[in-house]
Amino acid sequence: MFDRLEFLLMEALVAIRRNLLMTFAAVSTAAVALFLLGGLAYVYWQVNQLATDVSGKFEVRVWLKDEVKGAQITNLAKRMRKVNGVKKAMWVPRDKEWQKMQTEMPEMTRGVDQNPLTDSFKLILNELGDAPGVKRQIQQMPEVVQDGVVYMKDQQELMDNVLHIVRWVGGVLGSILLVTSAILIYNAIRLTILARRREIRIMQLVGASNLTIRTPFIIEGILQGATGGIVAALLIRTAQSIFEGNVKQFMISATFPTFPTWTAIGLLAGIGAVFGAFCSYLAIREPLRYRVGSGI
(Lines give C-alpha, C1' and ligand atoms only; values in the text may rest on other atoms or scores of the structure.)
Protein backbone atom coordinates (compact mmCIF):
# COMPACT_ATOMS: atom_id res chain seq x y z
CA MET A 1 0.00 0.00 0.00
CA PHE A 2 2.77 2.44 0.95
CA ASP A 3 4.65 1.55 -2.24
CA ARG A 4 1.60 2.51 -4.28
CA LEU A 5 1.18 5.79 -2.42
CA GLU A 6 4.85 6.56 -2.98
CA PHE A 7 4.46 5.81 -6.68
CA LEU A 8 1.45 8.12 -7.01
CA LEU A 9 3.19 10.93 -5.14
CA MET A 10 6.36 10.60 -7.20
CA GLU A 11 4.33 10.72 -10.39
CA ALA A 12 2.75 13.98 -9.25
CA LEU A 13 6.15 15.48 -8.36
CA VAL A 14 7.60 14.45 -11.73
CA ALA A 15 4.69 16.15 -13.50
CA ILE A 16 5.27 19.33 -11.50
CA ARG A 17 8.98 19.32 -12.32
CA ARG A 18 8.30 18.85 -16.03
CA ASN A 19 5.88 21.82 -16.13
CA LEU A 20 7.63 24.31 -13.86
CA LEU A 21 6.46 27.39 -15.75
CA MET A 22 2.78 26.43 -15.70
CA THR A 23 3.10 25.24 -12.11
CA PHE A 24 4.63 28.59 -11.10
CA ALA A 25 1.84 30.46 -12.89
CA ALA A 26 -0.85 28.34 -11.22
CA VAL A 27 0.70 28.60 -7.74
CA SER A 28 1.37 32.34 -7.96
CA THR A 29 -2.12 33.15 -9.22
CA ALA A 30 -3.72 30.97 -6.54
CA ALA A 31 -1.49 32.68 -3.96
CA VAL A 32 -2.57 36.16 -5.10
CA ALA A 33 -6.24 35.16 -5.11
CA LEU A 34 -6.04 33.60 -1.66
CA PHE A 35 -3.94 36.53 -0.40
CA LEU A 36 -6.64 38.97 -1.46
CA LEU A 37 -9.49 36.86 -0.13
CA GLY A 38 -7.68 35.90 3.08
CA GLY A 39 -6.32 39.38 3.68
CA LEU A 40 -9.65 41.11 3.24
CA ALA A 41 -11.38 38.40 5.29
CA TYR A 42 -8.84 39.06 8.06
CA VAL A 43 -9.44 42.82 7.85
CA TYR A 44 -13.19 42.25 7.90
CA TRP A 45 -12.87 39.96 10.91
CA GLN A 46 -10.75 42.53 12.76
CA VAL A 47 -13.16 45.38 12.00
CA ASN A 48 -16.11 43.21 13.01
CA GLN A 49 -14.28 42.18 16.18
CA LEU A 50 -13.61 45.84 16.93
CA ALA A 51 -17.29 46.61 16.47
CA THR A 52 -18.15 43.85 18.93
CA ASP A 53 -15.49 44.82 21.46
CA VAL A 54 -16.51 48.48 21.53
CA SER A 55 -20.23 47.84 21.29
CA GLY A 56 -20.66 49.62 24.63
CA LYS A 57 -19.44 52.81 22.97
CA PHE A 58 -22.16 52.44 20.38
CA GLU A 59 -24.86 51.76 22.92
CA VAL A 60 -28.42 52.94 22.51
CA ARG A 61 -29.56 55.02 25.49
CA VAL A 62 -33.31 55.08 26.28
CA TRP A 63 -34.63 57.79 28.63
CA LEU A 64 -37.82 57.11 30.57
CA LYS A 65 -40.60 59.35 31.76
CA ASP A 66 -40.46 60.51 35.39
CA GLU A 67 -43.55 58.54 36.43
CA VAL A 68 -42.13 55.18 35.29
CA LYS A 69 -41.17 53.32 38.46
CA GLY A 70 -40.82 49.87 40.05
CA ALA A 71 -42.78 47.14 38.31
CA GLN A 72 -43.15 49.27 35.19
CA ILE A 73 -39.37 49.33 34.76
CA THR A 74 -39.15 45.55 35.18
CA ASN A 75 -41.90 44.99 32.62
CA LEU A 76 -40.31 47.47 30.21
CA ALA A 77 -36.96 45.67 30.47
CA LYS A 78 -38.58 42.37 29.43
CA ARG A 79 -40.23 44.01 26.43
CA MET A 80 -37.02 45.70 25.33
CA ARG A 81 -35.07 42.43 25.43
CA LYS A 82 -37.61 40.93 23.01
CA VAL A 83 -36.97 43.63 20.40
CA ASN A 84 -35.09 42.30 17.36
CA GLY A 85 -31.46 43.38 17.49
CA VAL A 86 -31.26 43.96 21.26
CA LYS A 87 -28.61 41.83 22.94
CA LYS A 88 -28.79 43.32 26.43
CA ALA A 89 -31.02 45.85 28.19
CA MET A 90 -29.57 47.26 31.42
CA TRP A 91 -31.43 49.61 33.72
CA VAL A 92 -29.47 52.70 34.78
CA PRO A 93 -30.94 54.43 37.89
CA ARG A 94 -30.96 58.21 37.71
CA ASP A 95 -29.05 58.61 41.00
CA LYS A 96 -26.25 56.30 39.85
CA GLU A 97 -25.96 58.10 36.53
CA TRP A 98 -25.87 61.50 38.27
CA GLN A 99 -23.06 60.39 40.57
CA LYS A 100 -21.10 59.18 37.57
CA MET A 101 -21.53 62.51 35.80
CA GLN A 102 -20.43 64.43 38.89
CA THR A 103 -17.27 62.33 39.09
CA GLU A 104 -16.37 62.37 35.38
CA MET A 105 -17.59 65.87 34.47
CA PRO A 106 -17.30 68.05 37.58
CA GLU A 107 -17.14 71.31 35.58
CA MET A 108 -20.46 70.58 33.89
CA THR A 109 -22.29 69.49 37.04
CA ARG A 110 -20.85 72.09 39.43
CA GLY A 111 -23.56 74.35 40.84
CA VAL A 112 -26.41 72.01 39.91
CA ASP A 113 -28.04 70.98 43.21
CA GLN A 114 -30.92 68.88 41.90
CA ASN A 115 -30.56 65.75 39.79
CA PRO A 116 -32.01 66.65 36.35
CA LEU A 117 -31.84 63.13 34.95
CA THR A 118 -34.48 60.43 34.65
CA ASP A 119 -34.11 56.68 34.85
CA SER A 120 -32.82 55.14 31.65
CA PHE A 121 -31.85 51.93 29.92
CA LYS A 122 -28.60 51.15 28.16
CA LEU A 123 -29.11 48.78 25.22
CA ILE A 124 -26.33 46.68 23.69
CA LEU A 125 -27.11 45.58 20.14
CA ASN A 126 -26.30 42.37 18.29
CA GLU A 127 -25.05 44.43 15.33
CA LEU A 128 -24.50 48.14 14.83
CA GLY A 129 -26.77 48.09 11.79
CA ASP A 130 -29.73 47.17 14.03
CA ALA A 131 -29.73 50.61 15.69
CA PRO A 132 -32.27 52.38 13.41
CA GLY A 133 -34.82 49.56 13.67
CA VAL A 134 -34.36 49.28 17.44
CA LYS A 135 -34.84 53.02 17.81
CA ARG A 136 -38.13 52.95 15.88
CA GLN A 137 -39.56 50.12 17.99
CA ILE A 138 -38.39 51.43 21.37
CA GLN A 139 -39.57 54.97 20.67
CA GLN A 140 -43.14 53.69 20.27
CA MET A 141 -43.24 52.41 23.86
CA PRO A 142 -45.35 54.74 26.04
CA GLU A 143 -42.87 54.75 28.93
CA VAL A 144 -40.18 56.41 26.78
CA VAL A 145 -39.95 60.20 26.57
CA GLN A 146 -40.31 61.88 23.18
CA ASP A 147 -37.02 61.67 21.24
CA GLY A 148 -35.69 59.70 24.19
CA VAL A 149 -33.83 57.05 22.16
CA VAL A 150 -30.30 58.25 21.44
CA TYR A 151 -27.31 56.57 19.78
CA MET A 152 -24.14 57.56 17.90
CA LYS A 153 -25.63 57.47 14.40
CA ASP A 154 -22.66 58.83 12.43
CA GLN A 155 -20.12 56.49 14.03
CA GLN A 156 -22.40 53.48 13.59
CA GLU A 157 -22.96 54.26 9.89
CA LEU A 158 -19.21 54.73 9.34
CA MET A 159 -18.45 51.33 10.87
CA ASP A 160 -21.17 49.68 8.77
CA ASN A 161 -19.84 51.29 5.59
CA VAL A 162 -16.32 50.04 6.28
CA LEU A 163 -17.61 46.49 6.73
CA HIS A 164 -19.62 46.65 3.50
CA ILE A 165 -16.69 48.00 1.48
CA VAL A 166 -14.31 45.32 2.75
CA ARG A 167 -16.87 42.59 2.10
CA TRP A 168 -17.69 43.61 -1.48
CA VAL A 169 -14.19 44.53 -2.62
CA GLY A 170 -12.80 41.26 -1.29
CA GLY A 171 -15.61 39.21 -2.77
CA VAL A 172 -15.46 40.71 -6.28
CA LEU A 173 -11.69 40.92 -6.75
CA GLY A 174 -11.04 37.64 -4.96
CA SER A 175 -13.61 35.83 -7.10
CA ILE A 176 -12.03 37.14 -10.31
CA LEU A 177 -8.59 35.96 -9.23
CA LEU A 178 -9.91 32.60 -8.08
CA VAL A 179 -11.47 32.01 -11.50
CA THR A 180 -8.17 32.99 -13.14
CA SER A 181 -6.16 30.64 -10.94
CA ALA A 182 -8.70 27.86 -11.56
CA ILE A 183 -8.16 28.22 -15.31
CA LEU A 184 -4.38 28.11 -14.88
CA ILE A 185 -4.45 25.01 -12.67
CA TYR A 186 -6.90 23.39 -15.08
CA ASN A 187 -4.62 24.15 -18.05
CA ALA A 188 -1.53 22.97 -16.19
CA ILE A 189 -3.15 19.60 -15.53
CA ARG A 190 -4.44 19.28 -19.11
CA LEU A 191 -1.00 20.11 -20.53
CA THR A 192 0.53 17.51 -18.23
CA ILE A 193 -1.93 14.92 -19.52
CA LEU A 194 -1.03 15.76 -23.14
CA ALA A 195 2.71 15.70 -22.41
CA ARG A 196 2.42 12.27 -20.78
CA ARG A 197 -0.12 10.73 -23.14
CA ARG A 198 2.34 8.03 -24.24
CA GLU A 199 3.00 6.99 -20.64
CA ILE A 200 -0.73 7.06 -19.91
CA ARG A 201 -1.38 4.80 -22.92
CA ILE A 202 1.27 2.33 -21.77
CA MET A 203 -0.24 2.28 -18.26
CA GLN A 204 -3.65 1.56 -19.80
CA LEU A 205 -2.25 -1.28 -21.90
CA VAL A 206 -0.68 -2.97 -18.86
CA GLY A 207 -3.99 -2.80 -17.01
CA ALA A 208 -3.66 0.28 -14.78
CA SER A 209 -7.01 1.50 -13.50
CA ASN A 210 -8.37 4.97 -14.18
CA LEU A 211 -7.97 5.72 -10.46
CA THR A 212 -4.25 4.92 -10.60
CA ILE A 213 -3.82 7.10 -13.68
CA ARG A 214 -5.85 10.04 -12.41
CA THR A 215 -4.69 10.21 -8.79
CA PRO A 216 -1.25 11.78 -9.55
CA PHE A 217 -3.01 14.63 -11.35
CA ILE A 218 -5.31 15.19 -8.36
CA ILE A 219 -2.26 15.22 -6.08
CA GLU A 220 -0.59 17.72 -8.39
CA GLY A 221 -3.55 20.07 -8.13
CA ILE A 222 -3.67 19.67 -4.35
CA LEU A 223 0.03 20.53 -4.05
CA GLN A 224 -0.32 23.56 -6.28
CA GLY A 225 -3.35 24.88 -4.38
CA ALA A 226 -1.88 24.17 -0.93
CA THR A 227 1.41 25.85 -1.86
CA GLY A 228 -0.51 28.89 -3.04
CA GLY A 229 -2.39 28.98 0.27
CA ILE A 230 0.83 28.82 2.31
CA VAL A 231 2.40 31.60 0.25
CA ALA A 232 -0.78 33.69 0.67
CA ALA A 233 -0.73 33.28 4.47
CA LEU A 234 2.93 34.35 4.65
CA LEU A 235 2.19 37.36 2.43
CA ILE A 236 -0.66 38.42 4.71
CA ARG A 237 1.62 38.07 7.76
CA THR A 238 4.30 40.15 6.02
CA ALA A 239 1.77 42.81 4.99
CA GLN A 240 0.54 43.14 8.56
CA SER A 241 4.12 43.48 9.87
CA ILE A 242 4.86 46.25 7.36
CA PHE A 243 1.60 48.01 8.25
CA GLU A 244 2.33 47.79 11.99
CA GLY A 245 5.85 49.14 11.49
CA ASN A 246 4.62 52.14 9.50
CA VAL A 247 1.85 52.96 11.99
CA LYS A 248 4.16 52.71 15.02
CA GLN A 249 6.48 55.30 13.48
CA PHE A 250 3.73 57.84 14.09
CA MET A 251 1.87 56.19 16.99
CA ILE A 252 4.41 54.54 19.28
CA SER A 253 1.74 53.45 21.76
CA ALA A 254 -0.38 51.73 19.08
CA THR A 255 -1.07 48.05 19.73
CA PHE A 256 -2.20 45.39 17.27
CA PRO A 257 -3.57 41.88 17.74
CA THR A 258 -1.16 39.00 17.20
CA PHE A 259 -1.52 37.57 13.73
CA PRO A 260 -2.58 33.87 13.92
CA THR A 261 0.17 32.67 11.57
CA TRP A 262 -0.28 28.92 11.90
CA THR A 263 -4.06 29.16 11.85
CA ALA A 264 -3.89 31.25 8.67
CA ILE A 265 -1.46 28.82 7.05
CA GLY A 266 -3.67 25.86 7.94
CA LEU A 267 -6.88 27.51 6.72
CA LEU A 268 -5.52 28.93 3.47
CA ALA A 269 -3.51 25.80 2.66
CA GLY A 270 -6.61 23.69 3.26
CA ILE A 271 -8.77 25.96 1.10
CA GLY A 272 -6.09 25.98 -1.59
CA ALA A 273 -5.77 22.18 -1.51
CA VAL A 274 -9.53 21.68 -1.91
CA PHE A 275 -9.57 24.30 -4.64
CA GLY A 276 -6.66 22.65 -6.48
CA ALA A 277 -8.20 19.19 -6.18
CA PHE A 278 -11.48 20.46 -7.61
CA CYS A 279 -9.74 22.13 -10.57
CA SER A 280 -7.75 18.95 -11.22
CA TYR A 281 -10.90 16.88 -11.10
CA LEU A 282 -12.48 19.12 -13.71
CA ALA A 283 -9.39 18.74 -15.90
CA ILE A 284 -9.47 14.92 -15.86
CA ARG A 285 -13.18 14.28 -15.54
CA GLU A 286 -13.33 12.92 -19.10
CA PRO A 287 -12.06 9.33 -19.47
CA LEU A 288 -8.42 9.10 -20.55
CA ARG A 289 -8.91 7.15 -23.74
CA TYR A 290 -6.49 6.96 -26.61
CA ARG A 291 -6.83 4.78 -29.69
CA VAL A 292 -4.28 2.11 -30.46
CA GLY A 293 -2.29 3.17 -33.50
CA SER A 294 -3.13 6.84 -33.04
CA GLY A 295 0.52 7.79 -33.04
CA ILE A 296 0.80 8.08 -29.27
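None of the values given here were measured: they were computed from a predicted structure. (Residues numbered from 1 in each chain as written. Predicted model: local features only at pLDDT ≥ 70, side-chain atom pairs only at ≥ 80, totals over all residues. Heavy atoms only, no water.)

## Observations regarding the nonpolar core
Turning to step 1, where the next piece is worked out: In this structure, V62, L64, M80, F121, L123 and I138 are the most contacted members of the largest nonpolar core, which totals 21 residues.
Turning to step 2, where the next piece is worked out: When contributions to this core are tallied by element, the ones reaching two or more residues are β1 (60–64), α3 (71–81), β2 (86–92), β3 (120–125), α6 (131–139) and β4 (144–150).
Turning to step 3, where the next piece is worked out: No other element matches α3, which puts four residues into this core.
Turning to step 4, where the next piece is worked out: Setting aside residues no more than four positions away along its own chain, L123 makes contact with E59, V60, V62, M80, V86, K88, A89, V134 and I138.
Turning to step 5, where the next piece is worked out: Judged by nonpolar contacts, the second largest core, of nine residues, contains A233, I236, A264 and I265. (Core = buried A, V, L, I, M, F, W, Y, C linked by side-chain atoms within 4.5 Å. Buried < 20%, exposed > 50% of the residue type's maximum accessible area, 1.4 Å probe, protein only. Helix = DSSP H or I, 4+ residues; strand = E, 2+ residues; numbered from the N terminus. Contact = heavy atoms within 4.5 Å.)

## Looking at α6
Turning to step 1, where the next piece is worked out: Residues of α6 that are buried include every one of A131, G133, V134 and I138, and no others. What you see down the axis of α6 is that its buried residues fit within an arc of 160°, all on one side. (Arc of directions from axis to C-beta.)

## What to know about the sheet that holds β2
Turning to step 1, where the next piece is worked out: Pairing within the open sheet is antiparallel, and its four strands lie in the order β2-β3-β1-β4. Whereas interior strands pair on both sides, the edge strands pair on one side only; in this sheet they are β2 and β4. Averaged over neighbouring strand pairs, the angle between their axes works out to 20° when direction is ignored.
Turning to step 2, where the next piece is worked out: Bridge analysis of β2 against β3 gives six bridges, and the strand direction is antiparallel. Its bridge partner lying in β3, A89 is registered against L123.
Turning to step 3, where the next piece is worked out: Against the sheet, α6 engages β1, β2, β3 and β4, with an angle of about 170° to β4. (Pairing = 2+ DSSP bridges. Axes fitted to C-alpha atoms, helices over the stretch in contact; angles between N-to-C directions.)

Distances and angles like these do not, on their own, reveal function.
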